[in-house]
Every structure is written in C-alpha cells, then in structure tokens.
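Each chain, letter by letter, is given below.
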Amino acid sequence: MIARLAGTLAEVAPDHLVLDVNGVGYLAQASGRTLDAIGPVGGQVVLLTEMQVREDAITLFGFGSAAERDWFRLLTGVQGVGGRVALAILSVLAPGDLHRAIAGGDKAMIARANGVGPKLAQRIAMELKERAGTLPAGAGTGPAARASGGAGADALSALANLGFRPAEAETAVAAAQEELGPAAGLDALVRLALRKAAR
C-alpha cells in the first residue's frame, strides 16, 4: 500500500497529476481542489495517497490533506460511490462543507457534484451521518484547521509572509505537523514546512 509520496511534480491534467519520485512517475487521480493547490510543475510536492486494487486496475488517488483522504475513504465505502465520484464530490465541496452537508442532511448540496443524482446524494447523507461524526467538524477538517492553533498557525503565518499561497502553506505545514507530531516547536515546524514546500 502506498500511503504517501514526496517528489517533483512532473505533470498536471484536469483529473490527475504525475509525481516523479526518484525517476519513477506515479500517476495519481486527484480532486480539482488538490490539483488547484498543488503548485507549479517542477516544484517539490508531498502527496497523501490511497491505492485501490481491483481485478482490472490498480488506481492511485492523491490528496492535499489528510481530511480530504479521510472523506474519500468514507465516501467510497458507500454503495455506488467509486473513486471518481468521490473525487467529483471533493472537487465541489471542501471537507468542512461536506461535513456540514451530511450533518444537515443537505442532499442538494451533495448532488452538485458531477455523477451524483438525488438518490445517490440521499444514500450518502444517510449512510455517512453517523460515521462522519468520527471526523473533525466544520472548518476544522483541512490542513489549515489542523494548523489553526499555536505553532501551526504561526508557521502558516510565517510561510504566508514569505510569499507562499495559502493552499501551498497549508499543505506544507500539515505535512510537517504530520511528520513531527503535535508537540513540534515553531522553528522545527517552519524549517520542515519550507523543505516540504521546496520552493
């Protein structure tokens, strides 16, 4: 199982990216949200991944945050929701928005995604209502939210002051926090986040 990749962004397409890791190109399907935030071709990227093995295909999916990957896992556990449909949902709804839609039973919001009709949206809302409670709610589901307190927030501010786009800073700080743990100090967090962003 491939859980995480770090390398050079070699290619970005409307529905996937190619990450060069020591000369090996990994093609990963990704949401529009991740593709928009991934940064320029040629940059260094840390990508969280989920691999699906089927009889006819092995598919790698890539995510810019742990929250997005967690929601992908929940969504693909619903009958009728494959990887592409889950990515379509995550392209139109951020993890926090998806959490609110499911908690409030807002089927119309879920049905905004391509390939999701009213019946499937209702099934998603019903099946995930209880399971979604295990994930952080509201805005607290993305990299920025995990980094919103203490050293994480200061590290985000430091990267923003250095000219990083918010999405780049969030991804880098989240990856650094995941590696260093919650007790990491500001200096270590900023140093590692800068290496992750590798501008």
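Residues numbered from 1 in each chain as written. Predicted model: local features only at pLDDT ≥ 70, side-chain atom pairs only at ≥ 80, totals over all residues. Heavy atoms only, no water.

A.B. asks: Talk me through the overall build of the protein; I want residue IDs and the actual numbers.
C.D. replies: A count of helices and strands for the protein gives 10 helices and five strands. Put simply, the protein has 199 residues, and 47% of those count as buried. Just so you have it, the protein exposes about 9700 Å², and 53% of that area is on carbon and sulfur atoms. (Helix = DSSP H or I, 4+ residues; strand = E, 2+ residues; numbered from the N terminus. Buried < 20%, exposed > 50% of the residue type's maximum accessible area, 1.4 Å probe, protein only. Areas by Shrake-Rupley, 256 points an atom, 1.4 Å probe, with all protein chains shown as cover.)

A.B. asks: Describe the side chain of S31, and please don't skip the residues or the numbers.
C.D. replies: Its location among the elements puts S31 in the loop between β3 (24-30) and α1 (32-37). S31 sits in the buried class, given a relative accessible area of 0%. A distance of 2.5 Å separates polar atoms of two side chains, one belonging to S31 and the other to E68. (Polar contact = N/O pair within 3.5 Å; in protein donor to acceptor, adjacent residues only side chain to side chain.)

A.B. asks: Explain the nonpolar core to me, using residue names and the numbers behind them.
C.D. replies: Of all hydrophobic cores here, the largest spans 28 residues; its most connected members are L75, I89, L98, I110 and I124. Every element with two or more residues in this core is listed here: β5 (58-63), α2 (66-75), α3 (83-92), α4 (95-103) and α6 (118-131). Excluding residues that lie within four positions of it along the chain, L75 makes contacts with V81, A86, I89, L90, L98, I124 and L128. Counting residues in each nonpolar core, the second largest holds 14 residues, with L156, A169, A172 and A176 among its members. (Core = buried A, V, L, I, M, F, W, Y, C linked by side-chain atoms within 4.5 Å. Contact = heavy atoms within 4.5 Å.)

A.B. asks: Give a description of the sheet that holds strand β2 (residues 16-21) that names residues and reports values.
C.D. replies: Strands sit in the order β1-β2-β3-β5-β4 around a closed barrel of five strands; the barrel is mixed. Mean inter-strand twist for the sheet, computed between neighbouring axes without regard to direction, equals 55 degrees. Pairing of strand β1 (residues 4-12) with strand β4 (residues 44-53) involves five bridges; the strand directions are antiparallel. Bridge pairing in β4 links A6 to V46. Its contacts with the sheet place α2 against β4 and β5, and it is angled at close to 10 degrees to β4. (Pairing = 2+ DSSP bridges. Axes fitted to C-alpha atoms, helices over the stretch in contact; angles between N-to-C directions.)

A.B. asks: Please give an account of α6 that cites residues and values.
C.D. replies: Compared with an ideal rise of 1.5 Å per residue, which puts 14 residues at 20 Å, α6 spans 20 Å between its outermost C-alpha atoms and is within 8% of the ideal. Considered for burial, the residues of α6 that qualify are L120, A121, I124, A125 and L128. The arc enclosing the buried residues of α6, seen along the axis, measures out at 135 degrees, which places them on a common side. Opposite the packed face of α6, turned more than 90 degrees from it, sit the exposed residues P118, K119, M126 and E130. (Expected span 1.5 Å × (residues − 1). Arc of directions from axis to C-beta.)

A.B. asks: Provide a residue-level description of α3, including the pertinent values.
C.D. replies: Residues three or four positions apart in an α-helix share a direction because the helix packs 3.6 residues into each turn. The buried count for α3 comes to seven of 10 residues, which makes it a mostly enclosed element. Residues of α3 that are buried include every one of G83, V85, A86, L87, A88, I89 and L90, and no others.

A.B. asks: Can you tell me about the packing of aromatic side chains, naming the residues and giving the values?
C.D. replies: Tallying each qualifying case throughout the model produces two aromatic pairs. With centroids separated by 4.8 Å and ring planes inclined at 40 degrees, the aromatic side chains of F61 and F72 adopt a geometry described as tilted. Here the residue F61 occupies a position in strand β5, and F72 occupies one in helix α2, the gap between them amounting to 11 residues. We note that F61, like F72, is buried. Measuring from centroid to centroid gives 5.0 Å for F63 and F72, while their planes differ by 55 degrees, and the two rings are tilted. (Phe/Tyr/Trp six-rings, centres within 6.5 Å; stacked < 30°, edge-to-face > 60°.)

A.B. asks: How would you explain empty space enclosed by the protein if you had to name every residue and give the values?
C.D. replies: For the structure on display, the rule yields one cavity of 30 Å³ or more. Of the volumes computed, that of the largest cavity is approximately 80 Å³. Together, 12 residues line the largest cavity, and L48, G64, T171, A174 and A175 are the ones closest to its centre. Among the secondary structure elements, those contributing two or more residues to the lining of the largest cavity are β4 and α9 (166-180). Grouping the constituent residues of the lining of the largest cavity by class yields seven nonpolar, three polar and two charged. (1 Å grid on protein atoms, 1.4 Å probe; cavity = no way out; pocket = protein on both sides within 12 Å on 5 of 7 lines; lining within 4 Å. Points joined across faces, edges and corners; volume = space filled by probe spheres on them. Nonpolar A, V, L, I, M, F, W, Y, C, P; charged D, E, K, R; others polar.)

A.B. asks: Got a sec to walk through unusual backbone geometry? Specific residues and values, please.
C.D. replies: Of note, N22 is a non-glycine position whose phi angle comes to about 55 degrees, a positive value. Assignment of secondary structure puts N22 in the loop between β2 and β3.

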